[in-house]
Amino acid sequence: AGRKQRAAARRKAFSLFVKAKEVPAASRCPGGGEGVRWRCCRQAFEELPGIHRHVALHHSGDVGRQVGLGAAPLEAGGSPAGGSAPAGSAARPSGHSYSNPEISWALPDTSHLSHDDLTSIITFFINIVFLFFYLCHVVGSQVGEVLLYYCYCEVRDPEKLCAWQKALCQHLHLTGKVRVASEGINGTVGGSKVATSLYIKVMLSQPLFKNILCQEDFKSSAGGAHCFPDLRVGVFKEIVPMGIDPKIVSYKETGIHLSPQEFHREVEQYLSQATQGQSDTILLDCRNFYESKIGHFQGCLAPDIRKFSYFPSYVDENLELFKDKRVLMYCTGGIRCERGSAYLRSKAVCREVYQLKGGIHKYLEEFPDGFYRGKLFVFDDRYAICSNEDIISACRYCGVLWDQYKLCSSQHCRQLVLTCPSCCNKGLTACCPVCQEKELKVTSRASGQTLKEECECTSRRPRVPIEHGSPRMLDTGK
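Residues numbered from 1 in each chain as written. Predicted model: local features only at pLDDT ≥ 70, side-chain atom pairs only at ≥ 80, totals over all residues. Heavy atoms only, no water.

A. Representation of the overall build of the chain in the model. Across its full length, the chain holds 16 helices and 19 strands. In the chain, the share of contacts with a sequence separation of at least 24, taken over all contacts with a separation of at least 6, comes to 67%. Working note: accessible area of the chain is about 24200 Å², and carbon and sulfur atoms make up 52% of it. (Helix = DSSP H or I, 4+ residues; strand = E, 2+ residues; numbered from the N terminus. Contact = heavy atoms within 4.5 Å. Areas by Shrake-Rupley, 256 points an atom, 1.4 Å probe, with all protein chains shown as cover.)

B. Just the side chain of T281, in detail. Mapped onto the fold, T281 is located in strand β9 (residues 281-285). Within the structure, the side chain of T281 is placed 3.3 Å from the side chain of D280, a separation counted as a polar contact. The contact partners of T281, leaving out residues within four places of it in the chain, are Y270, R326 and L328. (Polar contact = N/O pair within 3.5 Å; in protein donor to acceptor, adjacent residues only side chain to side chain.)

C. Representation of the pairing of strand β12 (residues 326-330). Burial analysis of β12 places 5 of its 5 residues in the buried class, the great majority of the element. Both faces of β12 are covered, namely the face carrying R326, L328 and Y330 and the face carrying V327 and M329. As judged from the 5 bridges shared by β9 and β12, these two strands associate in the parallel manner. Of the residues in β12, the one forming a bridge with I282 is V327. Examined bridge by bridge, β12 and strand β13 (residues 352-356) share 4 bridges and lie parallel to one another. Within the sheet, the bridge partner assigned to M329 lies in β13 and is Q355. As a crossover connection, the stretch from β12 through helix α12 (residues 335-346) into β13 is right-handed. (Buried < 20%, exposed > 50% of the residue type's maximum accessible area, 1.4 Å probe, protein only. Pairing = 2+ DSSP bridges. Right-handed = clockwise from strand over helix to strand, strands pointing away.)

D. Expanded view of unusual backbone geometry. Here N211, not a glycine, exhibits a phi torsion of approximately 65°, which is positive. Tracing the sequence through the fold places N211 in the loop between α7 (193-205) and β6 (219-222). A relative accessible area of 76% means that N211 is categorised as exposed.

E. Molecular detail of the packing of aromatic side chains. For the coordinates displayed, the defined rule picks out 15 aromatic pairs. Ring plane angle 35° and centroid distance 5.1 Å describe the contact between Y149 and F218, whose orientation is recorded as tilted. Of this pair, Y149 sits in strand β3 (residues 144-152) while F218 is found in the loop between α7 and β6, placing the two residues 69 residues apart along the sequence. The same class applies to Y149 and to F218, which are both buried. (Phe/Tyr/Trp six-rings, centres within 6.5 Å; stacked < 30°, edge-to-face > 60°.)

F. Structural detail: the nonpolar core. Counting residues in each nonpolar core, the largest one holds 34 residues, and the members touching the most others are Y199, M203 and F209. Breaking this core down by element, the ones donating at least two residues are β3, α6 (158-171), β4 (175-181), β5 (184-192) and α7. Looking at which element gives the most residues to this core, the answer is α6, with 7 residues. Those residues in contact with F209 that lie beyond four places of it in its chain are C151, C153, L161, I185 and M203. Grouped together as the second largest cluster of nonpolar side chains are 33 residues, I305, Y310, C337 and V349 included. (Core = buried A, V, L, I, M, F, W, Y, C linked by side-chain atoms within 4.5 Å.)

G. Here's a closer look at the packing of helix α8 (residues 260-274) against helix α13 (residues 359-366). Between α8 and α13, whose axes approach to 9 Å, the crossing angle comes to 90°. Classified by the angle between their axes, α8 and α13 sit roughly perpendicular to one another. Across the interface between the two elements, P260, Q261 and H264 of α8 pack against K362, Y363 and E366 of α13. Each residue belonging to the contact of α8 with α13 can be placed in one class, and the counts come to 2 nonpolar, 2 polar and 2 charged. (Axes fitted to C-alpha atoms, helices over the stretch in contact; angles between N-to-C directions. Parallel < 35°, antiparallel > 145°, perpendicular 65-115°, else oblique. Nonpolar A, V, L, I, M, F, W, Y, C, P; charged D, E, K, R; others polar.)

H. Spatial organisation of the pairing of β5. Taking burial as the measure, the 9 residues of β5 include 9 buried ones, the bulk of the element. Examined bridge by bridge, β3 and β5 share 9 bridges and lie antiparallel to one another. Bridge pairing in β5 links L147 to V189. Sheet analysis places β4 next to β5, joined by 7 bridges and oriented antiparallel.

Structure, rendered in structure tokens:
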């Protein structure tokens, strides 16, 4: 009986919601034609099935709230759905302890926003001239962006934080990747500027991050939800995979943070001394080889490692290199330096360890034409973002300057490859001859999933390179 009552209540709420979107009869087309009968989310509907389909797809959460479903506890084992929940809602998934007051379950109020505001969908107009002026004057608020951020803090219930984060991203139609652990949160999400702005606002109001996370901790770049295939939110042991237990090497033992201005001055001094052979400093790139390949600071030491989890072994194998040195570390957004500098400091061989606060992202905001040359690699479908016109890498096959990555065409490999349009047209689209010879054949498991194999690119590269004698420094002139 209860189920039937809820279904009836929902049908009634649905009808009332549709009724509220009706256009008054006096406003409809004169002369007998019905014309537009409903308006919702800046869209016009002339037939009942159309408005019904729209409400079912985009306003199920609004309808649910009218019958009290939006604030009801979730079923056991469930998680917050992507539908709306009122600000300050007490909705929580069952199976967790709610005594921890640090995590708020509030979701932002988006009732005043249309679906297009949150998803950056722009209506295509037949008249191309009208479209041009529309783009010039209206689309400014619809352009999307990608956010990059992290926050180290003690999280008592990572599962609860993960569930809330997933609900928040779904609520705002954001895509991307978010890692949650007992040591904090690390995320990169994409969506409309309206959605990302709301996301930042809610994150800053979250009690768990109070007095820790601030506006400056969010790095933004042009993009949107299309930069990621989907939304992935999960609980992990580390928010950045270094492969060392956070209890053994903690973010609390990190190096000294330098602002972009301070880091710029340090690099300037280092380069001046290095040209005279007097430097006692190492400018260390903590990223993977394919990242530093298309962009890096002049005069840096860029380890030829494929994963950040190899960084600790790289340090262990090259301790003599860092002995009595001042180390300036940098990475994309700063998070790898937090744990990386802590690990390096734990070896007690360096004179001092410094790191670039906010990473290359923040540095380029203030010094787009500074000591960082080339593109900045990012872990989404854009692969790279640009701040200067330098191209410092080359096509794998012909050697022409080229820095736009593509996936290796052999699906068993899927590594990144730099191949220019001319070579692509010749069919040279794989990362190495081994992959090229497989003629793009797909090796699959019984389930149909692609089986990744080790190719020449990985088999020839030492897992942990050892720097012999003087470290190999990368240099790029302007």
